[in-house]
Amino acid sequence: MKSMRVVLISNDVTPEMIVPGSAPGLRVSGIAQGLRAHGIETVVVIPRGRYEQVWSEMGTSGLPPVPPGTVVLARQHFADFLDQERPDATIICNSNQFDAIDGAATGHLVYDFFAPKMLEAECEGATREVLQALERRKLRALASADAVIVNGKKKIDYVAGQLAKCGRDDLRNRMAVVNMCYDWPEKRGVPSRTEGLSVVVSGHLQRWLNYGTMFDRLVEALETIPTLSLTLNLLRVSEDHLAANPTIRKCLGHPRTRVRGAMLFGDYADMIQEHDVFLDVFEPTEERKLAMVTRSVTALGLGVPVIHPGFTEVSPFLKQMSAGWIADITSGGEDLIALLDRLAADPDEVLAKTEGAQSLSQGAFAPKTATAPLVDMLRAA
């Protein structure tokens, strides 16, 4: 069989570059790891502007390392690179880089419907003009695609609606679910504890994310459960956030709260794995209902069970694999506090859910497993 060569166009730096990463970078790395595990030669292309920006933000001289199988290019050179390499297939993450490669020798063009960016932009309060431009680019990219992969099966109907808008209903038969995945660092055992519960809340305070009463409930939980400890690793916290939700400040200042900041992925993995439970609950929105929430998938991949709402792309995995708990904050948060109280007194329940999380890290969220549908589709093209 002729060897296959695939180019992955990234929107961000990847964790292997020894810089603080993001969901898009993790997504591209996981897909590349999966393709390589199936014997497919894969090259990841990183935008030079983003590469230089992240490194300058770290205040470090020089530039970050470029791992094997990765190239860093100015965006205006993406098309030239593809014309020179002439890969069998090119994968783009959403439509961000489509204009830079439109008309190039992409081979089989695969659109990765990683996140519902239109819904994110709407929640951010984007102007009508911005939303229209984003939609036009997305529909042009989908119209040019030869196949689509989807980050979670709940998005299939949503994506089908987008395909109908650009006259590409035929792509419904060339759509595959490729769940979020990564070659997760192995969990080094269950955190040792004699009593209590260590909980971590982590992630960017994105403008499309509404935590609702979660921080209020956490303050109450810290006050009523003496053996509960909390780590907050919240990024992009502004004075506006704290003014709008003063209980965040109360959580940050509690004597049993440890506060962490931005860190490299390896350090982040170590930090998450020090805890019993990852807490990630929020209010339902149209965007959240379709979200494969990366911070929760990462915790599960690292072998840490998750407390999560029941309406996202992640929720079915928690239920099917017994890898966490479904909590309800929309009715006032009593269920969340009762759950934390129970878990603080019952390490065996936490251990059982930890085993479920580890099964996901080695199964559905492992690169070779998650990318198998994409590999089948590429080889059949």
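Residues numbered from 1 in each chain as written. Predicted model: local features only at pLDDT ≥ 70, side-chain atom pairs only at ≥ 80, totals over all residues. Heavy atoms only, no water.

A.B. asks: Could you give an account of the packing of helix 6 (residues 128–144) against helix 7 (residues 156–165), naming the residues involved and the relevant values?
C.D. replies: The N-to-C vectors of helix 6 and helix 7 enclose an angle of 85°; their axes lie 9 Å apart at closest approach. It follows that helix 6 is roughly perpendicular to helix 7 by the angle criterion. Here Glu135, Lys138, Leu139 and Leu142 of helix 6 lie close against helix 7, whose contacting residues are Tyr158, Gln162, Leu163 and Lys165. Grouping the constituent residues of the contact of helix 6 with helix 7 by class yields four nonpolar, one polar and three charged. (Axes fitted to C-alpha atoms, helices over the stretch in contact; angles between N-to-C directions. Helix = DSSP H or I, 4+ residues; strand = E, 2+ residues; numbered from the N terminus. Parallel < 35°, antiparallel > 145°, perpendicular 65-115°, else oblique. Contact = heavy atoms within 4.5 Å. Nonpolar A, V, L, I, M, F, W, Y, C, P; charged D, E, K, R; others polar.)

A.B. asks: Any details on the sheet that holds strand 8 (residues 197–204)? Residues and values, ideally.
C.D. replies: Read from one edge to the other, the open sheet built from six strands follows the order 10-9-8-11-12-13, with strand pairing classed as parallel. In this open sheet, the two strands that pair with only one neighbour each are strand 10 (257–259) and strand 13 (324–326). Between one strand axis and the next, the sheet turns by 25° as a mean value, whatever way the strands run. Looking at chain direction, strand 8 and strand 11 (residues 277–279) are connected through two bridges and run parallel. For Val199, the partnering residue across the bridge sits in strand 11 and is Val277. Contacting strand 8, strand 9 (228–235), strand 10 and strand 11, helix 8 (residues 214–224) runs over the sheet at an angle of about 150° to strand 9. Where helix 13 (residues 294–301) meets the sheet, its contacts fall on strand 8, strand 11 and strand 12 (306–308), and the angle it forms with strand 12 comes to roughly 155°. (Pairing = 2+ DSSP bridges.)

A.B. asks: Could you give me a rundown of the side chain of Ser10, with the residues and numbers involved?
C.D. replies: Among the structural elements, Ser10 can be located in the loop between strand 1 (5–9) and helix 1 (23–37). Ser10 gets classed as buried once you look at its relative accessible area, which sits at 0%. Beyond its immediate stretch of four places on either side in the chain, Ser10 contacts Val28, Val44, Val45, Ile46, Pro47 and Gln97. (Buried < 20%, exposed > 50% of the residue type's maximum accessible area, 1.4 Å probe, protein only.)

A.B. asks: Tell me about the packing of helix 8 against helix 10 (residues 246–253), and please be specific about residues and values.
C.D. replies: One way to put it is that helix 8 packs onto helix 10 with a least axis distance of 8 Å and a crossing angle of 35°. In terms of crossing hand, the pair formed by helix 8 and helix 10 is left-handed. Every residue of helix 10 that contacts helix 8 at Phe215, Asp216, Leu218 and Val219 is listed here: Thr247, Ile248, Lys250 and Cys251. Split into classes, the residues belonging to the contact of helix 8 with helix 10 amount to five nonpolar, one polar and two charged. (Left-handed = near helix turned anticlockwise from the far one by under 90°.)

A.B. asks: Just give me the short version of the sheet that holds strand 6 (residues 147–150), but keep the residues and values in it.
C.D. replies: Taken in spatial order, the seven strands line up as 3-2-1-4-5-6-7 in an open sheet, and their pairing is parallel. Whereas interior strands pair on both sides, the edge strands pair on one side only; in this sheet they are strand 3 (70–73) and strand 7 (175–177). With strand direction ignored, the average angle separating the axes of adjacent strands in the sheet is 25°. Of the strand pairs in this sheet, strand 5 (residues 108–113) and strand 6 are connected by four bridges, and their pairing is parallel. Within strand 6, the residue paired with Phe113 across the bridge is Val150. Along the sheet, helix 6 contacts strand 4 (89–93), strand 5 and strand 6; its crossing angle with strand 5, the most-contacted strand, is approximately 140°.

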